[in-house]
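Observations on chain architecture
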Amino acid sequence: MSSKAKFNIGILLILTIGFFGMYQYQQMVNNQVMYGEVVELNEGFGYKIMKGKKVLIVQKYIPGLPGKIPFANKEQAIEVAHLVVAKLNTGKSPVVMPSELAQFNLIVK
């Protein structure tokens with residue numbers, strides 16, 4: 001086999017390994033655990049639930065309360081986001097009930 005053919009096979013092997021590595025990395029990123037992020041709004045705060053780079057839920061208002069009331073601060077938004085993530089990680093519905101909100105002593109504007 002000529003040195004040019006060996007070189008081409010080597011390059012092809014390196015490219016194949018590189019593409020496989022990128023594919024595996026992308027799969028790992030897409031299968032990450034869920035987490036919450038605070039969303040800053042004009043009138044307050046909300047949160048989004050992420051899994052890797054994928055947005056699962058965007059919550060602009062306090063769930064479980066009537067009306068469209070945003071969270072007063074980042075801390076409240078992330079506490080409720082953590083509750084939702086914990087529910088999702090255990091296979092429960094992400095719906096937040098008013099009784100569950102009571103534990104957070106939410107300040108409503």
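Note that the structure is a prediction, hence the values are computed from the model and not measured.

**Here we look at the overall build of the chain**
Looking only at helices and strands, the chain has three helices and three strands in total. Reading the chain from its N terminus to its C terminus gives the helix and strand order α-β-β-β-α-α. In the form shown here, the chain has an accessible surface area of approximately 7600 Å², with 62% of it arising from carbon and sulfur atoms.

**A look at the packing of aromatic side chains**
Here a ring pair, both rings aromatic, is described through the centre-centre distance and the interplanar angle of the planes. For the coordinates displayed, the defined rule picks out one aromatic pair. Both rings, one in Tyr 47 and one in Phe 71, keep their centres 5.9 Å apart while their planes meet at 50 degrees; by these two values the pair is tilted. Of this pair, Tyr 47 sits in strand β2 (residues 44–51) while Phe 71 sits in the loop between β3 (54–59) and α2 (74–89); the two residues are 24 residues apart in sequence, bridging distant segments of the chain. There is no split in this pair, since Tyr 47 and Phe 71 are both buried.

**A closer look at the pairing of β3**
Note that β2 and β3 share five bridges and pair antiparallel. Directly across from Ile 49, in β3, lies its bridge partner Ile 57. Joining the antiparallel neighbours β2 and β3 is a turn of two residues, in which Gly 52 adopts a positive phi near 65 degrees.

**Looking at the pairing of β2**
The element β2 is largely enclosed, with a buried count of six among its eight residues. With antiparallel pairing between neighbouring strands as the criterion, strand β1 (residues 34–41) and β2 make up a hairpin whose turn holds two residues.

**Remarks on the pattern of salt bridges**
Tallying each qualifying case throughout the model produces two salt bridges. Its salt-bridge partner being Lys 48, residue Glu 37 comes within 3.7 Å of it at the nearest N-O pair. Pair noted here: Glu 37 is in strand β1 and Lys 48 is in strand β2, with a separation of eleven residues, a long-range link. The class of Lys 48 is partly exposed, set by a relative accessible area of 24%. A salt bridge links Lys 87 to Glu 100, with the shortest nitrogen-to-oxygen separation between them at 3.1 Å. On the criterion of sequence distance, the pair formed by Lys 87 in helix α2 and Glu 100 in helix α3 (residues 98–101) is long-range, its members being 13 residues apart.

So, how was this worked out
Residues numbered from 1 in each chain as written. Predicted model: local features only at pLDDT ≥ 70, side-chain atom pairs only at ≥ 80, totals over all residues. Heavy atoms only, no water. Helix = DSSP H or I, 4+ residues; strand = E, 2+ residues; numbered from the N terminus. Areas by Shrake-Rupley, 256 points an atom, 1.4 Å probe, with all protein chains shown as cover. Phe/Tyr/Trp six-rings, centres within 6.5 Å; stacked < 30°, edge-to-face > 60°. Buried < 20%, exposed > 50% of the residue type's maximum accessible area, 1.4 Å probe, protein only. Pairing = 2+ DSSP bridges. Salt bridge = Lys/Arg side-chain N within 4 Å of Asp/Glu carboxyl O.

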